[in-house]
Amino acid sequence: MYMYKSKIVRVKEGVERVMLNSTDAPGDYMCGVTNCTESATLVIIKPNEKVCPEIPDSRGTLWPQTVGNTTLVLLCPEGFLGDVRRVCDVTGEWKELNYITCVREEIAEIEEEVASIADGVVSSKKVRNVLKRLQVATKVNDSSAGDLDKSIDLVGTLATALKKLAPVVVDIATVQSFLNVVDNILSVDTSKEDWQQVKKRNATKASSLMRAVTSIGLAVAASQTVNKPLTINRSTMVVEVAKVKDKDITFPTENFEGVRSSLRLSKENYDVDENVTYVAVYYRTMADFLERSNSGGDDNTTQKEIRSQILSLAVQADGKQLTELNRDVTLNFYHGQVNNAELECGYWNFKKGSWWTDGCNISHINSSFSRCDCDHLTNFAILMSPRRVVSKRNLRILKTISIVGCSLSILGCLVTVLTHACLWRSVRSTKSVILVNLCMALTLAYVVFLAGVERTENKAVCTAVAAILHYLFLAIFCLMFAQGIDIARQAITVSRKTSRLEVVLALAWGNKALIRESIIQFLLHHDKTRRPTRYKGFTMDVTSGVEADSTYHARENLPMN
């Protein structure tokens, strides 16, 4: 161990740097902090090591220079409890912030009060006071992801507490305070980054809010006057609770600005004498916070997106949840203009945490309106499939099949060309020349396809590959067309014609626009100067200037021209 007196340089207030040249005194060194009354961060940076630069974030936290591949933990900003974390990756770049454990002191105090309510005897006055404090706390603009996460948990706990008070003690003011808290949480002012952190920690947080609203709605509906619904309109949702008797359930019963979607449940689903309570909700912004995951089943091949706002309906008959329907619930969605997209009626599956479509069908649809019929009650929306998405596993299988298939085709074409080359003196003919050209064109097309089909990141390369493949497949079509005509000519004509092979190949590889007519013209053209020769009852065409074909036509006693 070498003791070496280092030089301390004050970079700025609160930040000092130890300057030490290891080449002057090689060996092992011990670093430490003395006279530190609070906390200190000791950072050791090796030469040529990747380092994340010192930067402040949007909340005013200063992230000091940090060595790569390090998770830095700092205290939360003033007024918050907990700590905040940020990763400096191996490349020397800061990753996203994580304020999920930072909770404002006020929220932490409310959490203690809610815990005492849940563990003790539920008091309507305590619940009302806590809701008022939580309403104020969730309305501030400097909330963190931790505040959002904790507030959602408190809403769920309070919903359970309020359910114990129903149906006598839960008054309108308490319900309105509760919905104001949910409205603040779902407000458009809420940071999307905070929601991403919350969903990353627990993907079911947003759906738990829907459960809480439904629970509170059913709890307070029992105390309502029959057939006189209570409607509460907030910026992010419209909630209606009611007790009905011998009457269809329709929602909304009033006209609200921007609310065009509606639902209807026939009274045939419950008995005339039953006391029926329901809660119906129109969520304006909830779709933005739910997971936009694939819907239904384990084979997730179709990506679903929420195209409409969410309609929710929960019904109780004589205190029991209505699950089986005699008549489907009808939902009308106005989802805006949709073109060239596949629309489906879907519902949120709380157990799976994703959108599903079983039990729901579209009975009417146009570009901006859809009507759905579903055989159960929950939270519904219109789902859109703008494109088909193949799973990664299936993509790998398709890619393997393409590579193996094209490789076998290339091998077959090469074997054909080599066989003709070795036996060319015996098999030389117009048909063989066209076949060899066809194999060459196919080989080139397969090679270009395998090499460039996935080069979509470069527009110029992608365009070039598409143009080359288009040209090669046109040439393949023309060569196959020429070969077909040549085989037909040999089958239907007695004598051989003058070969126009050079012209045919030039047209096949060159001008595609005239190839069809040109092949017919040149391959079916009869040479007026042909000289038929007779050998023991067989006729053979001898083409001047070109070696005779090895194909003979058996015709006995043919007359001489």
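Everything that follows concerns the structure shown earlier in this document.
Residues numbered from 1 in each chain as written. Predicted model: local features only at pLDDT ≥ 70, side-chain atom pairs only at ≥ 80, totals over all residues. Heavy atoms only, no water.

Visitor: Give me the lowdown on the overall build of the chain, citing residues and values where you can.
Guide: Summing up its helical and strand segments, the chain has 12 helices and 27 strands in all. Evaluated residue by residue, the chain yields a buried proportion of 40% over its 561 residues. Nonlocal contacts in the chain, meaning residues at least 24 apart in sequence, comprise 66% of its contacts between residues at least 6 apart. Entry remark: accessible area of the chain is about 32300 Å², with carbon and sulfur atoms responsible for 52%. (Helix = DSSP H or I, 4+ residues; strand = E, 2+ residues; numbered from the N terminus. Buried < 20%, exposed > 50% of the residue type's maximum accessible area, 1.4 Å probe, protein only. Contact = heavy atoms within 4.5 Å. Areas by Shrake-Rupley, 256 points an atom, 1.4 Å probe, with all protein chains shown as cover.)

Visitor: Outline the pattern of salt bridges, listing residues and values.
Guide: This structure, assessed with the given rule, holds 14 salt bridges. Among the ionic pairs, lysine 200 bridges to glutamate 96, the shortest N-O distance being 3.4 Å. Of this pair, lysine 200 sits in helix α5 (residues 192-201) while glutamate 96 sits in strand β10 (residues 94-98); the two residues are 104 residues apart in sequence, bridging distant segments of the chain. For lysine 200, a relative accessible area of 66% translates into the label exposed. Taking relative accessible area as the criterion, glutamate 96 reaches 54% and is therefore assigned exposed. Linking arginine 327 and glutamate 268 is a salt bridge whose minimum nitrogen-to-oxygen distance equals 3.0 Å. With arginine 327 in the loop between β19 (320-321) and β20 (329-334) and glutamate 268 in the loop between β15 (262-265) and β16 (276-283), this pair connects stretches of sequence that are 59 residues apart. Salt bridges linked by common partners bring Asp149, Asp153, Arg201 and Lys205 together as one network. (Salt bridge = Lys/Arg side-chain N within 4 Å of Asp/Glu carboxyl O.)

Visitor: Give a description of the sheet that holds strand β14 (residues 249-251) that names residues and reports values.
Guide: Reading across from one edge, β14-β15-β20-β24-β23 is the order of the 5 strands in this open sheet, with antiparallel pairing throughout. Edge positions in the open sheet fall to β14 and β23 (360-365), since each of these has one partner strand only. On average, each strand axis in the sheet is tilted by 15 degrees relative to the strand beside it, whichever way the strands run. (Pairing = 2+ DSSP bridges. Axes fitted to C-alpha atoms, helices over the stretch in contact; angles between N-to-C directions.)

Visitor: Explain the packing of aromatic side chains to me, using residue names and the numbers behind them.
Guide: Counted by the stated rule, this structure contains 5 aromatic pairs. Aromatic pair tryptophan 63 and tryptophan 94: ring centres 5.8 Å apart, planes at 55 degrees, arrangement tilted. One end of the pair, tryptophan 63, is in strand β5 (residues 62-63); the other, tryptophan 94, is in strand β10, with 31 residues separating them in the sequence. The two residues tryptophan 63 and tryptophan 94 agree in class, both being buried. A centroid spacing of 5.4 Å and a plane angle of 75 degrees characterise the contact between tryptophan 348 and tryptophan 355, whose relative ring orientation is edge-to-face. Tryptophan 355 shares its class with tryptophan 348; the two are buried. Taking the ring centre of tyrosine 334 as reference, the NZ or CZ of arginine 260 above it sits at 4.1 Å. (Phe/Tyr/Trp six-rings, centres within 6.5 Å; stacked < 30°, edge-to-face > 60°. Lys NZ or Arg CZ within 6 Å of the ring centre and 35° of its normal.)

Visitor: Tell me about a nonpolar patch on the surface, and name the residues and values.
Guide: Judged by side-chain polarity, Leu395, Ile397, Leu398 and Ile401 come together as a nonpolar surface patch covering roughly 370 Å² of accessible area. Note that leucine 398 resides in helix α7 (residues 392-422). Accessibility expressed as a relative area gives 48% for leucine 398, which makes it partly exposed. (Patch = residues over 30% accessible without salt bridge, like charges linked within 9 Å, V, L, I, M, F, W, Y side chains within 5 Å.)

Visitor: Requested: an account of the environment of glutamine 224, with residues and values cited.
Guide: Examined against the element boundaries, glutamine 224 turns out to sit in the loop between α6 (205-221) and β12 (230-233). For glutamine 224, a relative accessible area of 14% puts it in the buried group. Spatially, the C-alpha atoms of glutamine 224 and valine 244 are 9.3 Å apart, while their sequence positions differ by 20 residues. In contact with glutamine 224, other than residues within four places in its own chain, are Ile172, Leu230, Val241 and Lys243. Among the polar contacts listed, one links the side chain of glutamine 224 to the backbone oxygen of valine 220, at a separation of 3.3 Å. (Polar contact = N/O pair within 3.5 Å; in protein donor to acceptor, adjacent residues only side chain to side chain.)

Visitor: Quick one: what's the story with the state of the cysteines, residue by residue and with numbers?
Guide: All told, the structure shown has 4 disulfides when counted by the stated rule. The partner cysteine of cysteine 345 in its disulfide is cysteine 372, sulfur to sulfur 1.7 Å. Handedness here is read from the sign of the S-S torsion; for cysteine 345 and cysteine 372, about -80 degrees, the answer is left-handed. Taken together, the positions of cysteine 345 in strand β21 (residues 342-349) and cysteine 372 in strand β24 (residues 369-374) put the pair 27 residues apart, joining distant regions of the chain. (Disulfide = S-S within 2.5 Å.)

Visitor: So what's going on with the sheet that holds strand β7 (residues 70-75)? Which residues, and what values?
Guide: Across the sheet, 3 strands lie side by side as β7-β9-β10; this open sheet has antiparallel pairing. Each having just a single partner strand, β7 and β10 make up the two edges of the open sheet. Mean inter-strand twist for the sheet, computed between neighbouring axes without regard to direction, equals 20 degrees. Where strand β9 (residues 83-88) lies against β10, 3 bridges are found, and the strand directions are antiparallel. In the strand pairing of β10, arginine 86 is matched with leucine 97.

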